[in-house]
Protein chains: 2
Amino acid sequence: MRPTMKDVASAAGVALKTVSRVVNDEPGVHPATAERVRTAIDRLGYSRNESARVLRRGTTATIGLVIEDVADPFYSGLSRAVEDVVIEHGCLLLSGSSGEEPGRERELVETFCARRVDGLIVVPAGADHTYLRSELETGTPVVFADRPPGAGIDVDTVLTDNVGGAGQAVRHLLGHGHRRIAFLGDDPAIFTAAARLHGYREALGGLFDERLVSMRSPSPEAVRADLTGMFALDDPPTALFTGNGRYTVTTLRALAGRRVALVGFDDFELADLLDPGVSVVAQDPSWMGRVAAELLFRRLRGDGGPPEHIQLPVRLIARGSGELLL
Amino acid sequence: MRPTMKDVASAAGVALKTVSRVVNDEPGVHPATAERVRTAIDRLGYSRNESARVLRRGTTATIGLVIEDVADPFYSGLSRAVEDVVIEHGCLLLSGSSGEEPGRERELVETFCARRVDGLIVVPAGADHTYLRSELETGTPVVFADRPPGAGIDVDTVLTDNVGGAGQAVRHLLGHGHRRIAFLGDDPAIFTAAARLHGYREALGGLFDERLVSMRSPSPEAVRADLTGMFALDDPPTALFTGNGRYTVTTLRALAGRRVALVGFDDFELADLLDPGVSVVAQDPSWMGRVAAELLFRRLRGDGGPPEHIQLPVRLIARGSGELLL
DNA sequence: GTGAAAGCGCTAACAG
DNA sequence: CTGTTAGCGCTTTCAC
């Protein structure tokens, strides 16, 4: 039904190999012959079967990307940047969302490996990546982005300066006179959440009070309940540090206009249009994606050096909410 | 280097076909034999070569999705929904961003077809889809989402009620006393932009004034310039209707607090937190994704009925900005 | 239950 | 410049 090279060959009255040459722009085909072949290709509506080509050549020109959720602006920004780099290199991107489930992460990685991707970029959901070992031994380069791999796997990583960023946020609030600074963030099982908690705690020093820490689901109810609890304390927080974009937004909603200083980790659209503007410690998701993808292609080009561990800086953007004085 | 079924077979002391049976969970293998095979698979770190399988079977269990830009929340929401449905059906998703370039759209579609996707979901950037004809004849189902295909191609579509939604927005503003209602939107070459302009114009009737229409790039500068021009008129607009989420946000920024009524097409995060809250005509991108994907899988299951044209309704959400009285 | 042989559509290696 | 042959790793068909 679908025409093959053989069909094109007989239609053009040449050997199969000649068609292959034309299709692949290989030199050494007489222009007239090439033209005849191209005509036959157009007439039959021929399109090369990539699976057959991959099977024969052993390389797929495909990169796999595992993220947490495409619908999250951080990851969709990262995705887009990865896609652009992948395209620049003439490759195709295979991507999937783990939904923060380790099992799904692994399934995706294994599916991608079964499709013989040339390389992988992974934002891990799980903490055990020993399942990657045989693939790594086969020589497939893997870059971890946003979060590092579990113990025992030493590969390239591109991470944000989470500890430093959290410290910057807290010191900013301290500098504006606050001493009761709460932290709302994800479950510390998530690497970035734990790192940001660490930076927060370190910067606070003796001012740390575990009653001002809430790390659980970013559901409106949970955030609201925890905030209510904190504000009911004898010495309630006068400032908040939120651990990621989702928490910042949920917290803003839960605050319902209450006047508290706030600095959030992650920038988000419209942060400048709120009143007051929301001060944030901004990451650059597309930078992360680009750096990870470029590192991967460097490996693909044969760079066999030791694993690199890149840390991207963050930038504090003051817009008002973090500058409310005590 | 990478182990094949043949390697597993000799390691387990069975024939290649037996390994194939085990890998594919085919019945009729003695449990003990199967166990021996599985052990060999684990020991060698075998993973089936999907390209070889695809070549032989002729079906890829892969769906292709072409959108405009993953980094746009509308399309990333749609993507995620498509991905979920695709996963439910045990398939893999191949997706790419056209960046609103017809050439890129076509390249993506052709790349996906060369990879022999079982079906395609396309948010077109171009207006000519005759290049799809041979693929359609081959029997590959294609669903267009958000925008219809160009002339001469009759396939399934899943669109939003753009005309109706724009009308709803305009009538809402008319109902609050406004008579000078401006429209800011994308280039009318984009289907949705043209449809929304049409709905706007129809609802305005005799009140339509082309000086109150701005349809060009959503750059802050362009929007600001056009708004300045409109407000300098003798009878300036007292209300705005923005043609999509990007325009709404850009416009809000350009307004810099000026008191004008506004209804935007597309909902967006934080619309409720601004002051006043931003009234919108909301689409549901994940609903659109889900509907398109389910329709595609219905076709893949053999539903050969005539092309379906699904129109999804919109919902007006009043939050304050659209209810400012004249 | 198990296996041998053919062949999916292509490219690599070598002839002419 | 053009053609022939072998074989990538798998599934299908049929035989035992």
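- Under an unreviewed UniProt entry, chain A has the name LacI family DNA-binding transcriptional regulator and belongs to Nonomuraea marmarensis.

1. Brief notes about the overall build of chain A
- Counting its regular elements, chain A contains 12 helices and 12 strands.
- Relative to the compact-globule value of 20 Å for 326 residues, chain A shows a C-alpha radius of gyration of 26 Å, a clear excess of over 25%.
- Considering only C-alpha atoms, chain A reaches an extent of 90 × 40 × 30 Å along its principal axes.
- Across the 326 residues that make up chain A, the buried fraction comes to 55%.
- Taking the contacts inside chain A whose residues are at least 6 apart along the sequence as the reference set, 62% of them involve residues at least 24 apart.

2. Section: the pairing of strand β4 (residues 142–145) of chain B
Residues and elements named next belong to chain B.
- Neither face of β4 is exposed, since Val142 and Phe144 on one face and Val143 and Ala145 on the opposite face are all buried.
- Bridging between strand β3 (residues 119–122) and β4 involves 3 bridges; their strand directions are parallel. By the bridge assignment for β4, isoleucine 121 is matched with valine 143.
- Where the polypeptide runs from β3 across helix α7 (residues 133–138) and back to β4, its parallel neighbour, the crossover connection is right-handed.
- Bridging between β4 and strand β5 (residues 156–160) involves 3 bridges; their strand directions are parallel. If you follow phenylalanine 144 over to β5, its bridge partner there is threonine 157.

3. Describing helix α8 (residues 162–175) of chain B
Residue and element names in this part refer to chain B.
- Taking 1.5 Å of rise per residue, the 14 residues of α8 would be expected to cover 20 Å, and the 20 Å separating its terminal C-alpha atoms lies within 8% of that figure.
- Buried within α8 are the following residues: Asn162, Gly165, Ala166, Gly167, Ala169, Val170, His172, Leu173 and Leu174.
- The N-cap residue of α8 is aspartate 161: its side-chain oxygen and the backbone nitrogen of glycine 164 are 2.9 Å apart.
- Immediately downstream of α8, the backbone of glycine 177 shows phi near 95 degrees, a positive value.

4. Quick word on the interface of chain A and chain B
- Facing the 49 residues of chain A at the interface are 49 residues of chain B.
- With both chains or domains summed, chain A and chain B bury close to 4300 Å², and 56% of this area falls on carbon and sulfur atoms.
- Three residues stand out in chain A for area buried against chain B, namely Arg2(A), Arg115(A) and Arg116(A), and they jointly supply 16% of the buried area on that side.
- Where chain A touches chain B, the interface holds 6 salt bridges.
- Ionic pairing is found between Arg80(A) and Asp69(B), a salt bridge with its closest N-O pair at 2.7 Å.

5. Focus on the relation of the copies chain A and chain B
- Screw-axis analysis of chain A against chain B gives a translation of 0.1 Å along the axis, an RMSD of 0.1 Å, and a rotation angle of 180 degrees. Expressed as an axis order, the relation between the two copies is that of a two-fold axis. Ranked by how close their C-alpha atoms come to the rotation axis, the residues of chain A are headed by Ser51(A), at 2.5 Å.
- Counting the interface residues of chain A, we find that 100% of their copies in chain B are interface residues as well, pointing to one common contact surface.

6. Some points on the UniProt feature "domain: HTH lacI-type" (unreviewed entry) in chain A
- Mapped onto the present numbering, the UniProt feature "domain: HTH lacI-type" (unreviewed entry) falls at residues 3–57 of chain A.
- In residues 3–57 of chain A, helix accounts for 69% and strand for 0%; the two terminal C-alpha atoms are 21 Å from one another.

7. Some details on unusual backbone geometry
Residues and elements named next belong to chain A.
- Put simply, aspartate 275 and proline 276 share a cis peptide bond, and its omega is 0 degrees.
- Relative to the elements of secondary structure, proline 276 occurs in the loop between β9 (261–265) and β10 (279–282).
- A positive phi angle, near 55 degrees, is found at alanine 61, a position not held by glycine.
- Notably, arginine 116 is not glycine yet its phi reads approximately 60 degrees, a positive angle.
- Structurally, arginine 116 is set in the loop between α6 (102–114) and β3 (119–122).
- When its relative accessible area of 10% is taken as the criterion, arginine 116 is described as buried.

8. Observations concerning the sheet that holds strand β6 (residues 181–185) of chain B
Residues and elements named next belong to chain B.
- One open sheet accounts for 6 strands, arranged β7-β6-β8-β9-β10-β12; its pairing is mixed. Two strands close off the open sheet at either side, each with one partner strand: β7 (213–215) and β12 (315–317). Across this sheet, the average inter-strand angle for adjacent strands is 15 degrees, counted without regard to direction.
- Lying over the sheet, helix α11 (residues 245–255) contacts β6, β8 (239–242) and β9 (261–265), oriented at roughly 155 degrees with respect to β9.

9. Details of the packing of helix α1 (residues 5–12) of chain A against helix α3 (residues 31–44) of chain A
All names here are of chain A.
- Look at α1 against α3: their axes get within 9 Å of each other, and the N-to-C directions meet at 120 degrees. Between α1 and α3, the angle is such that the two are oblique. Note that α1 runs across α3; the crossing there is right-handed. Here Asp7, Val8, Ala11 and Ala12 of α1 lie close against α3, whose contacting residues are Arg36, Val37, Ala40, Ile41, Arg43 and Leu44.
- Residues that form the contact of α1 with α3 fall into these classes: 7 nonpolar, no polar and 3 charged.

Conventions used here
- Residues numbered from 1 in each chain as written.
- Chains lettered and ligands numbered in written order.
- Predicted model: local features only at pLDDT ≥ 70, side-chain atom pairs only at ≥ 80, totals over all residues.
- Heavy atoms only, no water.
- Helix = DSSP H or I, 4+ residues; strand = E, 2+ residues; numbered from the N terminus.
- Rg over C-alpha atoms; globule rule 2.2 N^0.38 Å.
- Buried < 20%, exposed > 50% of the residue type's maximum accessible area, 1.4 Å probe, protein only.
- Contact = heavy atoms within 4.5 Å.
- Pairing = 2+ DSSP bridges.
- Right-handed = clockwise from strand over helix to strand, strands pointing away.
- Expected span 1.5 Å × (residues − 1).
- Polar contact = N/O pair within 3.5 Å; in protein donor to acceptor, adjacent residues only side chain to side chain.
- Buried area = accessible area lost by both parts, 1.4 Å probe.
- Salt bridge = Lys/Arg side-chain N within 4 Å of Asp/Glu carboxyl O.
- Least-squares fit on C-alpha atoms with pLDDT ≥ 70 in both.
- UniProt positions renumbered as here; feature names shortened; annotations may be inferred.
- Axes fitted to C-alpha atoms, helices over the stretch in contact; angles between N-to-C directions.
- Parallel < 35°, antiparallel > 145°, perpendicular 65-115°, else oblique.
- Left-handed = near helix turned anticlockwise from the far one by under 90°.
- Nonpolar A, V, L, I, M, F, W, Y, C, P; charged D, E, K, R; others polar.

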